[in-house]
Amino acid sequence: GYAPQRTPYLVAFPAAYRTLGTGGALRDLFSLRAWGERVQYFLTRTTAAIPATTDATVFYSKDIAARIFFTGSGSSTGQTTASNLFDKAGKGKGSGQFSSPRGIAISPDGTITVVDQLNWRTQQFSPEGTFLREFGGIGTTGDKFGQINGYAFGPTGVAVGRDGTVYVADTWNHRISAFSATGQPLRQWGTFFNGQADPAALTAHPGDFYGPRGIAVGPDNFVYVTDAGNGRVLVFTPEGKPVRSFGTRGTGPGQLDDAIGIAVRQDGLVAVADPTNARVQLFAGDGTFRASIPVPDWGTQRGLEPYPVWLPNGNLLLPSPTANKLYEVTETGQTVRTLTGDLHRPTALVLLPDKSAVLVVNDENGTVVKVSIQP
């Protein structure tokens, strides 16, 4: 099969510039705004209006598409055929393709939601992998996701509530965005606060973030969020009202250097991926520190973003992006087994409803694959 890509083949000056006319040109001679725009263009080669583009749809074989890296808002309106989630269509911005995917979650009705980080969107699929819809884009309104100072970082974690509400970590708008089951924006909460600069003030900001990453909905129906830059976990009602927080930034027991993925077991035990410290930290539901599980693989490279999942037997399944493996460990830190498969920098995991396997998000080649957890 082929993977369709929409790409610009013609970029032109904005229409307002090309249809200025003699009268408009004379008026602009006496306009400070127009003179300012001209100076801006000659100094920075940027225009006040957005350049016009004409796009074409190009069809690549999927092995080629997997090696092509696109960035952008994630629009795929020029695509004629969406790829099935399990087609492994590779990196790209077409529907069913991903660029550095992150979080994954499954709704009560079986809908699979994947955060497509570098396309600044989330994509949804049926249980069989059929593409359903996408939503997002770059911006600050409730239906968009932020980027950091124009660089290639976007949304990360995702979780789904009992009622089908989709919670996305809008990391660089420093907020949580809640959407309906079909992607309509419902509410957002949080704003930027840098607790590294003023740790004592963090208690006065129980609902603010410095780059939130992981999200989980616990058995208490509360929304658990890792506040990565501030080294803590924040807990909210489904409406976004702060409930409690726990953890501090650091390297000691119960501290978090760069909290990423989070998973809450049915008995309330909270697992937080702390990759910079090469470990998982375990907390009771009330925030009491319980234990630390070393994960040596996570200490080999900075910037890893692992999202673990609890298994039906009460053990924890951890992705190793550097070793391309999954580790099943007990809450006391004993490694039970190592799982392998079609893994290429595995990042996030979600348990299938029948509990026979997990879906694994591969960051390196932009795919989602199924790995059995049967004995």
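Scroll up a little and you will see the structure.
Residues numbered from 1 in each chain as written. Predicted model: local features only at pLDDT ≥ 70, side-chain atom pairs only at ≥ 80, totals over all residues. Heavy atoms only, no water.

## Focus on the side chain of N277
As a reminder, the rule being used: Counting from the N terminus, the helices are DSSP H or I runs at least four residues long and the strands are E runs at least two residues long. Any N or O atom pair separated by 3.5 Å or less is treated as a polar contact, with the protein-specific requirement of one donor-capable and one acceptor-capable atom, and with residues adjacent in sequence counted only for side-chain atom pairs. Only heavy atoms enter the contact rule, under which two residues are in contact if any of them lie within 4.5 Å.
Checked against the element boundaries, N277 lands in the loop between β18 (270-274) and β19 (279-283). In this structure the side chain of N277 is engaged in a polar contact, spanning 2.7 Å, whose partner is the side chain of D274. If near-sequence neighbours (up to four positions away) are discounted, N277 is found in contact with G250, T251, Q255, L256 and D257.

## Points about the sheet that holds strand β20 (residues 289-294)
Filter applied, for reference: We call two strands paired when DSSP finds no fewer than two bridges between them. Simply put, an axis is a line fit to the C-alpha atoms, just over the touching stretch for a helix, and the angle between two N-to-C directions goes from 0 to 180 degrees.
Strand order in this open sheet of four strands is β17-β18-β19-β20, and the pairing throughout is antiparallel. The open sheet terminates on both sides in strands that have one partner only, identified here as β17 (262-264) and β20. Across the sheet, the axes of successive neighbouring strands diverge by a mean angle of 20 degrees, strand direction being ignored. Note that β17 and β18 share three bridges and pair antiparallel. Pairing of A263 across the sheet is with A271, part of β18.

## Describing the packing of aromatic side chains
Quick reminder of the rule: Any two of the Phe, Tyr and Trp rings considered here, Trp counted by its six-membered ring, make a pair once their centres fall within 6.5 Å; the pair's planes then place it as stacked at under 30 degrees, edge-to-face at over 60, or tilted in between. Comment: the charge-over-ring label is applied if NZ (Lys) or CZ (Arg) is within 6 Å of the ring centre and within 35 degrees of the ring normal.
Evaluated as defined, the whole model comprises ten aromatic pairs. Between the aromatic rings of F209 and F236, the centroid separation amounts to 5.8 Å while the plane-to-plane angle is 50 degrees, which identifies the pairing as tilted. Within this pair, whereas F209 is found in the loop between β10 (185-189) and β11 (212-217), its partner F236 is found in strand β13 (residues 232-236), the two being separated by 27 residues in sequence. Here the aromatic cluster, defined as three or more aromatic residues joined through ring pairs, consists of Y167, W189, F209 and F236. Looking at R265, its charged tip hangs above the ring of W310, at a distance of 4.8 Å from the centre.

## Remarks on the layout of surface pockets
The cut-off we apply is this: Space inside and on the surface of the protein is sampled on a 1 Å grid over the protein atoms alone, with a cavity defined as a set of points where a 1.4 Å probe fits but cannot get out and a pocket as an open set with protein on both sides within 12 Å along at least 5 of 7 lines; lining residues have an atom within 4 Å of a point. Grid points are joined across faces, edges and corners, and a volume is the space filled by probe spheres set on the points. Ten residues, namely Ala, Val, Leu, Ile, Met, Phe, Trp, Tyr, Cys and Pro, are considered nonpolar, four, namely Asp, Glu, Lys and Arg, are considered charged, and the remaining ones, Gly among them, are considered polar.
Reported here for the largest pocket is a volume of approximately 1000 Å³. Lining the largest pocket are 36 residues, with V217, Q266, V309, V350 and L351 positioned closest to its centre. Of all the secondary-structure elements, those providing two or more residues to the lining of the largest pocket are β3 (101-106), β7 (158-160), β11, β17, β21 (309-310) and β25 (346-351). Class assignment of the residues belonging to the lining of the largest pocket gives a composition of 26 nonpolar, seven polar and three charged.

## A word on the pattern of salt bridges
Under the convention used in this document: Just to be clear on terms, a salt bridge is a Lys or Arg side-chain nitrogen sitting within 4 Å of an Asp or Glu carboxyl oxygen. Three labels apply to residues, based on accessible area from a 1.4 Å probe with only protein chains included: buried if under 20% of the type maximum, exposed if over 50%, partly exposed otherwise in between.
Counting across every chain of the model gives 15 salt bridges. Among the ionic pairs, R102 bridges to E305, the shortest N-O distance being 2.9 Å. Of this pair, R102 sits in strand β3 while E305 sits in the loop between β20 and β21, placing them 203 residues apart in sequence. The exposure class assigned to R102 is buried, which follows from its relative accessible area of 11%. Accessibility expressed as a relative area gives 12% for E305, which makes it buried.

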